[in-house]
Amino acid sequence: METTQMTEGGGGGATGIAAQMEVEAFRRLFPLPFYKRHLLESVRPDARALDYARDTTISLGPVASADGSALVKIGETAMLAAIKLEVMTPSKERPDEGSIVVEFYMPPICSPMVRPGRPAEVAPVISKQLLDVIRSSGMVNLKELCLISGKASWIAYLDIYCLNADGSLFDAALLSAVAAFTHLQIPLVSVTEEGRVFTVSSEQEEKTKFELVNKEKRKLSLSSIPFPLTCVIHEDYILVDPTAEEETVMETSITLVLDTLGNLVSIYKPGGVGLASTEIMKECITRTKRRMQELKTILEESVSVMEVD
Amino acid sequence: MEYVNPLTGLRIDGRRPTEMRHLKAQIGVVSKADGSALFEMGNTRVIAAVYGPREVQNKGQQMNNTEALVRCEYSMANFSTGDRARKPKGDRRSTEISLVIRQTMEACILTKLMPRSQIDIFVQVLQADGGTRSACINAATLALADAGIPMRDIVTSCSAGYLCTMPLLDLNYAEDSAGGPDVTVGILAKMDKVTLLQMDAKLPLDTFETVMQLAIEGCKAIAQYIREIMLQNTKQLECRRGS
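Computed from a predicted model, the values in this text were never measured in an experiment. (Residues numbered from 1 in each chain as written. Chains lettered and ligands numbered in written order. Predicted model: local features only at pLDDT ≥ 70, side-chain atom pairs only at ≥ 80, totals over all residues. Heavy atoms only, no water.)

Looking only at helices and strands, chain A has seven helices and 14 strands in total. Residues classed as buried in chain A amount to 50% of the 309 residues present. Long-range pairs, those at least 24 residues apart, make up 65% of the contacts in chain A between residues at least 6 apart in sequence. Surface summary for chain A: the accessible area is close to 15,200 Å², and the carbon and sulfur share equals 52%. (Helix = DSSP H or I, 4+ residues; strand = E, 2+ residues; numbered from the N terminus. Buried < 20%, exposed > 50% of the residue type's maximum accessible area, 1.4 Å probe, protein only. Contact = heavy atoms within 4.5 Å. Areas by Shrake-Rupley, 256 points an atom, 1.4 Å probe, with all protein chains shown as cover.)

This next bit is on the UniProt feature "domain: Exoribonuclease phosphorolytic" (unreviewed entry) in chain A. Residue and element names in this part refer to chain A. Here, UniProt's "domain: Exoribonuclease phosphorolytic" (unreviewed entry) annotation points to residues 54-187 and 225-286. Annotated as 23% helix and 37% strand, the span residues 54-187 places its first and last C-alpha atoms 36 Å apart. The span residues 225-286 is 24% helical and 42% strand by assignment, and the distance between its end C-alpha atoms comes to 18 Å. (UniProt positions renumbered as here; feature names shortened; annotations may be inferred.)

This next bit is on the UniProt feature "domain: Exoribonuclease phosphorolytic" (unreviewed entry) in chain B. Listed under "domain: Exoribonuclease phosphorolytic" (unreviewed entry) in the UniProt record, and renumbered for this structure, are residues 19-150 and 153-218 of chain B. Helix makes up 27% of residues 153-218 of chain B and strand 42%. Its end C-alpha atoms lie 17 Å apart.

Quick look at the packing of helix α2 (residues 132-147) of chain B against helix α4 (residues 205-241) of chain B now. Residues and elements named next belong to chain B. Close contact between α2 and α4 brings their axes to 11 Å; oriented N to C, the two are set at 30°. Considering the angle they form, α2 stands roughly parallel to α4. Along this stretch, α2 crosses α4, giving a crossing that reads as right-handed. Contacts between α2 and α4 involve N138, L142, A145 and D146 on the former and, on the latter, I222, I226, I229, M230 and N233. Grouping the constituent residues of the contact of α2 with α4 by class yields six nonpolar, two polar and one charged. (Axes fitted to C-alpha atoms, helices over the stretch in contact; angles between N-to-C directions. Parallel < 35°, antiparallel > 145°, perpendicular 65-115°, else oblique. Left-handed = near helix turned anticlockwise from the far one by under 90°. Nonpolar A, V, L, I, M, F, W, Y, C, P; charged D, E, K, R; others polar.)

As a further point, take the pairing of strand β8 (residues 182-188) of chain B. Residues and elements named next belong to chain B. Buried residues dominate β8, accounting for seven of its seven residues. Neither face of β8 is left uncovered, since the one carrying D182, T184, G186 and L188 and the one carrying V183, V185 and I187 both have all their residues buried. Bridge analysis of strand β6 (residues 155-163) against β8 gives seven bridges, and the strand direction is antiparallel. Each bridged residue has a counterpart across the sheet, and for V155 the counterpart in β8 is L188. Where β8 and strand β9 (residues 193-200) come together, seven bridges link them in antiparallel fashion. (Pairing = 2+ DSSP bridges.)

So, on to the nonpolar core. Counting residues in hydrophobic clusters, the biggest one holds 62 residues, and the most contacted among them are F39(B), I101(B), M105(B), I109(B), I121(B), L142(B) and L144(B). With residues up to four places along the chain from it excluded, the contact list for L142(B) reads A25(B), I27(B), A37(B), F39(B), I226(B), I229(B) and M230(B). Membership of the second largest hydrophobic core comes to 56 residues, among which are M139(A), V140(A), L184(A) and M292(A). (Core = buried A, V, L, I, M, F, W, Y, C linked by side-chain atoms within 4.5 Å.)

Packed helices, taken two at a time, are described by the angle between their axes plus the distance between the axes. Residues and elements named next belong to chain A. Running from N to C, helix α3 (residues 122-137) and helix α4 (residues 169-183) cross one another at 45°; their axes reach a closest spacing of 10 Å. The angle between α3 and α4 falls in the class oblique. For the crossing formed where α3 meets α4, the hand is right-handed. Judged by residue contacts, V122, I126, Q129, L130, V133 and I134 of α3 engage L169, F170, A173, L174 and A177 from α4. Considered class by class, the residues forming the contact of α3 with α4 number 10 nonpolar, one polar and no charged.

Here it is in structure tokens:
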């Protein structure tokens, strides 16, 4: 570990003992002056520019037992999403539609802040945000989840587990949900005499002649896909894709979700000391548009990689 | 059902009776944790994360001032098993396995060196295909080593069973739910001492000895693999440090 001394230079901040101190200790004890020094040079402690997001990777199908799954990593933040389909009877008001249930978990492995008996405060918040965005974006046409109108339809249980929490949790979670839906394949299904619906695996289909309700395994056709971006705002600086440390130190954060058709799906700025003027909002929207193009390319690449296999 | 094919002598997944599933381990998967590891035994995939030694959170739980407090929590992901409907933690099986893993690791951690502190071991099962208990213990050993927590020895664990009059090593889920006996053993590798031993269903005594010996052989093979992984990891760290 380096033992460089941080001497008093331009940028204000603490005086006295801070003038002679190791970098790591300065970072822990005086986080705000530490970041101010970096922001003045338009750079962040991990050498990123202010409007650069971390390396993002998507891998489809890590969970073999699920009908659709995806592992997404944004920098160190890792999310594992898996979808399991079960058959249910649709409601009377909507006999042609299936439904989606979203649950977001932050198990204790992901962060030192989460302990058994003291669950993470943000987990239910992100869970609700995800459900709202997936529903309002209309990405999944619920009519595609129908089996037999009025009698049977699919309920998709989407479970997202945070494996490593290092900032931008909602971004990674939404991206993993989107990737899992892209990977989802609806299994073949048949009906017994009593009217009970059950899934038929591909080996069974060849051996016995079940009367199949749907003729082939199919994927969902997703319309406008939502892509998120979280930015933190500190005075007049906008930092894109914050790490966990940046999220705690900075004044406020704002999350924007755009879809591929160019519509604004969701804006989320949950209070905070910093105020977002119209210019800042417009800047954030521009950054989100750029990020959306990046993410779209990454998602398409991962889908084609999987299809080659 | 034929768990061991009488003609070829192979099991339903193509293994020989004394063959273990494919092992794969990775250290340092969770950057926020002090130590972490991903351990795979065939299709069973488990992540362990260790936080500690850190300050005791619940002073009421601290038994004495001379030793570190070891806590463990085992939980399964909703999608880890075939059917989804399950309560991931807090149900009896998870609580029992948490206790078992905690006591197994307590046997090897030198708790007296870290008084008044707490070591948390969290294990998350991502995919379950039999032998989750053993995979968790192996992952926890690697995670503790990654966290630099002083240990007496490495603990490894493996299971073995007895079906169709053959002792079988490392049962998967189908073989485990066949109703035959299931012996899980955890040993301190170099000291050659058994710290965990669990068995259910009936077995005559001499058959039990054969099955237990087989499980111990499996544990030693896993210990060999774990040592290789730790050596590789140390070489990488040395490389990064530039020495």
